[in-house]
Amino acid sequence: MWIRPTSDDVRQVAYYTGVLAAGVALCMSVPLATAIALGEWAAAMDYVLGMGTGLAAGGALMSLRPARGSLDHRHAMVISALGWLTAAVIGAVPLAFSGNYLSYLDALFDSMSGFTTSGLTVVVDLDHMAHAHNMWRHLTHLLGGQGIIVAALSMAVGLRGGAFSLYVAEGRDEKILPNVMHTARFIWLVTAVFVAVGTLALLLVNAYSGMTPLRSVLHAFWITIAVYDTGGFAPQALNALYYHSWAFEAVTMVLMIAGGLNFNLHAAVWGGDRRELARNIETRILAANILILTVVTAVALAASAAYGTPSEVVRKGVYHVVSAHTGTGHQTLHPAAWEGILGAGATFAIVLAMAFGASVSSTAGGIKAMRVAVILKSVYKQVKQSLSPSSAVVRVHYHHLRDRELTSRMSTAALTVTILYVLAYVTGGLIGAAYGYSPLTALFESVSATANVGLSAGITSASMPTGLKVLYIVQMWTGRLEFIAFFVLVAGVFVYLTSPMNDRRPL
Amino acid sequence: MKLESPLRRLYAHWPSGLFAELCAATLFVLLLMGVGALIAVLV
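Figured I'd write up the structure that's included with this text. All figures in this text were calculated on a predicted structure; none of them were measured in a lab.

## Quick notes on the overall build of chain B
Scanning chain B from terminus to terminus reveals one helix and zero strands. When the 43 residues of chain B are sorted by exposure, 28% land in the buried category.

Take a look at the structure:
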């Protein structure tokens, strides 16, 4: 039975969405400070306007706070869905004023790509973009990578009531610590430590490469955020190819893998249980998948005329398998080189890597290793059941933080989300092909958007059709939400609008 | 006996946990590079 949302439900959702909008606006103080410090006055004005817009919109929504009622799981799902959209809409405002985007829609594309840690970009003249705007683009990766709700929770911007519902609605189904606020702060701690370590390592690499001190620091910080949060933005139009450095690629691959791990796994290992790294089924499946796809890609590349030497196989093959599988999306290839030079075999292996994704409760998107593990275990259970006496009760176990028994509920949940991902991948690919792109390139871009990866085979640019821009924005948004929260939002709006008018009081 | 809280346990061991993760990720990257290079030589 559908529960009809009341006006109080709508006010509840509006209030918390307003809190998130105001929170995003306050975060713009970082690029604003960057602009002031570096004397980028035009960019500073963009962030003043952006903060003003965000605070005004947030304040207006917050004024709808209901006098009674508390947050429940339905509200949390809708707030989570709307929160990501609101963050992207508000976050796009300063970018739209930057002069580096052809329209507000293009700025929204990059903002959505940033918050969802996708990394696809339609920016124009990125190499001459103001530092403040690059700071904001990469900061959206940081905020989105933690999860908008988690970010807001840990900053305690008024999301204390119903905090756990909000946390779960964002797709983080396990609390790391008994207190959800401590959990949110722990996620920030892990990120802060990895960002500090990564920035230091890349700072040394950049300095050795001959960059000026300021650029070394800024590039190291931005790239670390982009790789650890499995984003994919870079401050240069050539993306990771700009750095053309073995050391850069090695350091970023380590950070990508760290970013692709489950925050619960970080908690277990940081709590002293280092064996969990090897015992966890999710880590095992992720490692096995990366290894298998590395072999496939290496064979395809070695057989090709373009990248056949060991050095090229490692630098072009292994780097992109890791980048794709962890959902990062940094690339050291020109987009046109995918299908044109690497060939269909290696490109399809990268598509599969993007589609699988990394771990649940990480910053990565895609189907994710845990669901692949549950589906594989379910297949094993079916086979075992078929070979057992009809009276036998077949139990299958796996290890994820502790020993667990596979239940039919787990299998159903994993299959449902997996099917939704596959449908979204294929639908996006078909639409891209309908626009005239080759089927493999269209599938590549569709999977990259839906799984929040950010690798591009050449479709994504400022000049691509408006319909595809809208499609990829929706794919990045719904893919990040793992679809369910999006459907709850759509169903909630439909039920509210189709309910008799006497059920709805004026807001 | 005083029980160790999850929060205290977490923050007591994190440097060694971080080190373990960085080592594991580095070894895994080296393994992938080795496999990639080996295949390039063999194929």
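## Overview of the interface of chain A and chain B
Chain A puts 34 residues into the contact, and the matching count from chain B is 25 residues. Every element with two or more residues in the side of chain A that touches chain B is listed here: helix 9 (180-209), helix 11 (246-259), helix 12 (263-270), helix 14 (281-303) and helix 15 (310-325) of chain A. Ranked by residue count, the leading element in the side of chain A that touches chain B is helix 14 of chain A, at nine residues. Residues belonging to the side of chain A that touches chain B are distributed by class as follows: 26 nonpolar, seven polar and one charged.

## So, the packing of helix 3 (residues 41-62) of chain A against helix 4 (residues 73-97) of chain A
All names here are of chain A. In the contact formed by helix 3 and helix 4, the axes pass within 8 Å of each other and the chain directions differ by 155°. By the angle between their axes, helix 3 is roughly antiparallel relative to helix 4. Judged by the twist between their axes, the crossing of helix 3 over helix 4 is right-handed. Where helix 3 approaches helix 4, its residues Asp-46, Tyr-47, Leu-49, Gly-50, Thr-53, Gly-54 and Ala-57 are matched on the opposing element by Ile-90, Val-93, Pro-94 and Phe-97. Grouping the constituent residues of the contact of helix 3 with helix 4 by class yields seven nonpolar, three polar and one charged.

## Focus: the nonpolar core
Residue and element names in this part refer to chain A. Counting residues in hydrophobic clusters, the biggest one holds 175 residues, and the most contacted among them are Ala-81, Trp-84, Ala-88, Ile-148, Val-322, Ile-350 and Met-354. For this core, the leading source of residues is helix 4, giving 17 residues. Excluding anything up to four places from it in sequence, Ala-81 contacts Leu-481, Ala-485, Phe-486, Val-488 and Leu-489.

## Some remarks on the packing of helix 19 (residues 408-434) of chain A against helix 21 (residues 466-481) of chain A
Residue and element names in this part refer to chain A. Remark: helix 19 packs on helix 21, axes separated minimally by 11 Å, with the N-to-C direction vectors making an angle of 175°. By the criterion of interaxial angle, the relationship of helix 19 to helix 21 is roughly antiparallel. Taking contact as the criterion, the partners of Ala-424, Gly-428, Ile-431 and Gly-432 in helix 19 are, on helix 21, Leu-468, Leu-471, Gln-475, Thr-478 and Gly-479. Of the residues that constitute the contact of helix 19 with helix 21, the class distribution is four nonpolar, five polar and no charged.

Each value, and the rule that gives it
- Residues numbered from 1 in each chain as written.
- Chains lettered and ligands numbered in written order.
- Predicted model: local features only at pLDDT ≥ 70, side-chain atom pairs only at ≥ 80, totals over all residues.
- Helix = DSSP H or I, 4+ residues; strand = E, 2+ residues; numbered from the N terminus.
- Buried ≥ 20, exposed ≤ 12 C-beta atoms within 10 Å, placed from the backbone.
- Contact = placed C-beta atoms within 7 Å.
- Nonpolar A, V, L, I, M, F, W, Y, C, P; charged D, E, K, R; others polar.
- Axes fitted to C-alpha atoms, helices over the stretch in contact; angles between N-to-C directions.
- Parallel < 35°, antiparallel > 145°, perpendicular 65-115°, else oblique.
- Left-handed = near helix turned anticlockwise from the far one by under 90°.
- Core = buried A, V, L, I, M, F, W, Y, C linked by C-beta atoms within 7 Å.

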